[in-house]
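One-letter residues, chain by chain:
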Amino acid sequence: MDTSICCTVGIEEISATGNVVKKTQHRNLTVTLGRDEFREVQIKICFPKRECKYAVKELLVHKKFVKDGKATIKLPDQKIQFMLSNCPPDKLMMFIKTLQTKLECLKQKGFVSNRSKLFSGKQHEFDEISPLTIKDLQTAHQAKTAASGKLSSLATSSSNAGCDKRKRQNVGDENIPNTQNPKELKRQKLMQDQNRLLHSSKINGISPSKILAKPIHLSKEQTRVLEAVMKGKSIFFTGSAGTGKSFLLKRIIGALPPSHTFATASTGVAACHIGGTTLHSFAGIGSGKAPIQQCIQLASRQKVAQQWKTCKHLIIDEVSMVSGDLFDKLEAVARVIRKSDMPFGGIQLIVCGDFLQLPPVTKGEDVRKFCFQSEAWHKSIELTMELTEVRRQADKHFIDILQHIRKGVCPDSMADKLMDTARNDIQRDGVLATKLCTHKVDVEEINVFKLKTLQGEQRLFAATDSDQVYCQMLNTLCPVPAYLEVKLGAQVMLCKNLDINRGLVNGARGVVIGYEKTNEAYPIVKFVCGVTEVIKPTRWVFKIGGGNTIVRRQVPLKLAWAISIHKSQGMTLDCVEISLGNVFETGQAYVALSRAKSLDGLRLLDFDKKAVRADAKVLAFYRQLDLRSRMMHNGIEDDNEIFMPNPSKFARR
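Because the structure is a prediction, the values reported are computed rather than measured. (Residues numbered from 1 in each chain as written. Predicted model: local features only at pLDDT ≥ 70, side-chain atom pairs only at ≥ 80, totals over all residues. Heavy atoms only, no water.)

### Details of the packing of aromatic side chains
We count it as follows: Only Phe, Tyr and Trp rings take part, Trp by its six-membered ring, and two of them pair if their centres are within 6.5 Å. Stacked means planes under 30 degrees apart, edge-to-face means over 60, and tilted covers everything else. By definition, any uninterrupted DSSP run of H or I lasting at least four residues is a helix, any uninterrupted run of E lasting at least two residues is a strand, and each is numbered from the N terminus. For a lysine, the NZ atom is tested; for an arginine, the CZ atom; a charge sits over a ring if that atom is within 6 Å of the ring centre and within 35 degrees of the ring normal.
For the structure on display, the rule yields 16 aromatic pairs. Ring geometry for phenylalanine 327 versus tryptophan 377: centroids 5.7 Å apart, planes at 50 degrees, classification tilted. A residue pair is termed long-range when its members are at least 10 positions apart, and phenylalanine 327 in helix α12 (residues 324-338) and tryptophan 377 in helix α13 (residues 375-380) qualify at 50 residues. Joined through ring pairs, the aromatic side chains of Phe236, Phe327, Phe344, Phe355, Phe370, Phe372, Trp377, Phe621 and Tyr622 make up one cluster. Stacked on the ring of tyrosine 515, the Lys or Arg arginine 459 has its end atom at 4.0 Å from the ring centre. Lying over the aromatic face of tryptophan 540, lysine 496 brings its terminal NZ or CZ to 4.9 Å of the ring centre.

Dropping the structure here:
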């Protein structure tokens, strides 16, 4: 429910002059929105042995750090404020919006007078407030519009009154006071504060009204995964490309207390997609190739050890690229540092990925070992669940082709269909197809060469980093470069969700058609979705060791004549050209092809069926998953049971 949250609550009592006279802090308190016997809004805080209720008539909310699970709710008339922290960000966001909207609706109806309450004879009640409705939103919006109009007219009249007073004073009338009534000043200030809060532009980059107008819907499969996570289960959930794995991970992150939740991924690109850090950075054991005792010593450093001890929920995205040996070492390190014999030292694991996509990197003749082959996997992962509903592509025929290629199979009929795309003309309004390459060196050469061939002035946009010491780390984690060079006609790609409803999403393709007429001269980009937009700098915030954060501020674009298949993971591309002649890894062809939204937006060059490969051990793993899933649907097992692979089949194979 959006009407109740559990978090750390700091309670501050404030004097008439605004000073804090008493301050207390409590962990794990439940804060609930409700109504009293007169249907007026109240906040109830449940302490271990008592409850306190606070009537809400005036409200100020500070929500700058709501993304981090922090906010301050101030009740000016009661001279008290609540400082909320370690709250699931998504729940906190909706809690605040519900409180503001319900209070605004109540103000339209009016409050019951104290005299009426005194003689009512009603018993004290507290009912949990109902969820927001369309009617609530409409009422609040109308009130907001009216308040905006009143403030505008008030400002105009105040300005005119000021002019009149000055005129009168100029002609010698010194008896007219040049100050307003203190009560009127206070009323105006409250109106301004309330209006500012109601007009708060964005939370996490998305307007609160848009969040409520278009609520986030999870599929049944995604809901089951989220429910399992909230029950405290250590879970691995998988699915083919485009089934919403990263989307679900973000919802899971938003549902967990941020102080004890660490979001990580095997690569910097994947970590950036979910707003986390790399698994290696969190673990603090370097590359993880050192002997276990040395890894334990590295993880025993004060700041690193504190992270391990604080962590209650560890999220690992793109787990397919994490080796089984590293996973075993991480599990051993967790038990030693946390001084617990439980798997992973008692940490709940939320692991996500598709083993049929990019595998762990191996060098020379090293034997490849996947996570699911490790001892730690079978000790730690309680549930395995699969997402099957593809959302990226709508064409069922294309989805069928991709599902075959994912498993390393490409019949002649499907190969012919893919080769036919070589004739596709996928240029749209000056936006050329992005070429996916197997090697990073090829990407650099193509982008630099194409930029040089363009006529006109080259403009440079430099990033602003919070700490130059971490510049190299930011280059790894952040999807945008420290220095972005563009010209008119440059093919670019958006690297961050700016406005999902308008199609300005991560991976959106466009072309630079001009520059803003200001000193900064930010690029104007025309996107395939039809939107033309001035792209201004935005921020990327990354958590690093010891609970610290580093920030990069940069124009969220990068050159997009070419990108690597590796860097494209998690992206959806409108128009893409793929060369699979140099494929060197299992799953690489599938990752590349599954970036396309449709066959119409795909052009495939030098295609060879030999490029379509899948690892035999991974196929065996997924066959076991399919077998158990079919058994469940046939009623052989309890419907509530979820498949967990047999450790003996994979642990040492």
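### Some remarks on the side chain of serine 234
Quick note on the threshold: In protein, a polar contact means a hydrogen-donor-capable atom and an acceptor-capable atom, both N or O and within 3.5 Å, with residues adjacent in sequence counting only if both atoms are side-chain atoms; elsewhere, any N or O pair within 3.5 Å suffices.
Topologically, serine 234 is positioned in the loop between α6 (220-230) and β9 (235-239). Of the polar contacts made by the side chain of serine 234, one reaches the backbone nitrogen of leucine 349; its length is 3.0 Å.

### Considerations on the sheet that holds strand β24 (residues 549-554)
Cut-off, in case you're wondering: The criterion for strand pairing is that DSSP finds at least two bridges linking the strands in question.
Strand order in the open sheet made by the 3 strands is β17-β24-β23, with antiparallel pairing throughout. Looking along the sheet, the strands with just one partner apiece sit at the ends: β17 (464-465) and β23 (538-543). Both β23 and β24 contribute to a ladder of 6 bridges, which runs antiparallel. Considered in β24, the bridge of arginine 539 is made with arginine 553.

### Concerning the nonpolar core
Among soluble globular proteins, nonpolar side chains are generally buried collectively. Which entries qualify depends on this criterion: To qualify as a nonpolar core, a set must consist of buried Ala, Val, Leu, Ile, Met, Phe, Trp, Tyr and Cys residues joined through side-chain atoms within 4.5 Å. Burial here depends on accessible area, computed with a 1.4 Å probe over protein chains only, as a share of the maximum for the residue type. Under 20% is buried, over 50% is exposed, and the range in between is partly exposed.
Core analysis: the biggest nonpolar cluster contains 41 residues, and Phe236, Trp308, Leu314, Val319, Phe355 and Trp377 have the highest contact counts within it. Where this core is concerned, the elements lending two or more residues are α9 (279-283), α10 (292-299), α11 (302-310), β12 (313-317), α12, β13 (348-352), α13 and α19 (616-633). In terms of residue count, the dominant contributor to this core is α12 (6 residues). Membership of the second largest hydrophobic core comes to 34 residues, among which are Leu402, Ala592, Ala596 and Ala611.

### Notes on the pattern of salt bridges
Note the threshold: A pair is scored as a salt bridge if a Lys or Arg side-chain nitrogen falls within 4 Å of a carboxyl oxygen belonging to Asp or Glu.
A complete count under the given rule lists 24 salt bridges for this structure. The shortest N-O distance in the salt bridge between arginine 406 and aspartate 354 comes to 2.9 Å. On the criterion of sequence distance, the pair formed by arginine 406 in helix α14 (residues 396-406) and aspartate 354 in the loop between β13 and α13 is long-range, its members being 52 residues apart. The class of arginine 406 is buried, set by a relative accessible area of 4%. Look at aspartate 354 and you get buried, because its relative accessible area is 0%. A network of salt bridges, in which partner residues are shared, links Lys44, Glu51 and Lys53.

### With respect to α11
So the rule is basically this: By construction, the arc corresponds to the directions joining the helix axis to the C-beta atoms. By the convention used here, residues are in contact when the closest approach between their heavy atoms is within 4.5 Å.
Those residues of α11 not exposed but buried are Val304, Ala305, Gln307 and Trp308. Looking straight down α11, one finds that the buried residues subtend no more than 155 degrees of arc, so they occupy a single side. Opposite its buried face, α11 presents the exposed residues Gln302 and Lys303, each directed more than 90 degrees away. Summarising the contacts, the buried residues of α11 are in contact with β10 (261-265), α9, α10 and α12.

### Considering the packing of α14 against helix α15 (residues 412-420)
Think of two packed helices as two axes; the pair is described by the angle between the axes and how far apart they sit. Using the following cut-off: Helix axes are fitted to C-alpha atoms over the stretch in contact, other axes to C-alpha atoms as well, and angles between N-to-C directions run from 0 to 180 degrees. For a crossing to be left-handed, the near helix must be turned anticlockwise from the far one by less than a right angle; the clockwise case is right-handed. Note that Gly is not counted as nonpolar here; it falls among the polar residues with everything else outside the nonpolar set of Ala, Val, Leu, Ile, Met, Phe, Trp, Tyr, Cys and Pro and the charged set of Asp, Glu, Lys and Arg.
At a closest axis distance of 11 Å, the pairing of α14 and α15 adopts a crossing angle of 115 degrees. For the element pair α14 and α15, the recorded crossing hand is left-handed. Contact residues: α14 offers His397, Asp400, Ile401, His404 and Ile405, while α15 offers Met414, Lys417 and Leu418. In the contact of α14 with α15, the residues fall into 4 nonpolar, 2 polar and 2 charged.

### Observations regarding helix α1 (residues 89-109)
For the record, the criterion: Expected span of a helix, by definition, is 1.5 Å for each gap between consecutive residues, and there is one gap fewer than residues.
Its 21 residues give α1 an end-to-end C-alpha distance of 31 Å, which sits within 8% of 30 Å, the value for a rise of 1.5 Å per residue. Of all 21 residues in α1, 16 are buried; the element is thus mostly enclosed. Once α1 ends, the next one or two residues include glycine 110, with phi positive near 100 degrees.

### A few points about a positive patch on the surface
Let me state the cut-off plainly: Residues form patches when they are more than 30% accessible in relative terms and have no salt bridge. Like charges link within 9 Å. Nonpolar side chains (Val, Leu, Ile, Met, Phe, Trp, Tyr) link within 5 Å. Here the accessible surface of atoms and residues is derived via Shrake-Rupley with a 1.4 Å probe, and residues count as covered only by protein chains that are part of the display. Only four residue types enter the charge count, namely Lys and Arg as positive and Asp and Glu as negative; His and the chain termini do not. Where a charge lies is defined by one atom per residue type: Lys uses NZ, Arg uses CZ, Asp uses CG and Glu uses CD.
Taken together, the side chains of Lys64, Lys67, Arg539 and Arg553 make up a positively charged region of the molecular surface. Inspection of the secondary structure puts lysine 67 in the loop between β5 (60-62) and β6 (71-75).

### Some thoughts on the confidence of the model for the protein
Put simply, the rule reads: On a scale of 0 to 100, pLDDT captures the predictor's confidence in every residue.
Summarising the model, the protein shows a mean pLDDT of 83, and 84% of its residues fall at 70 or more. Ranking the helices and strands of the protein by mean pLDDT puts β13 first, with 97, and helix α5 (residues 208-213) last, with 40. The low-confidence segment residues 193-214, where pLDDT is below 50, has 41 contacts with residues more than four positions distant or belonging to other chains. In the predicted structure, residues 636-653 sits below a pLDDT of 50 and forms 44 contacts with residues beyond four places in sequence or in another chain.

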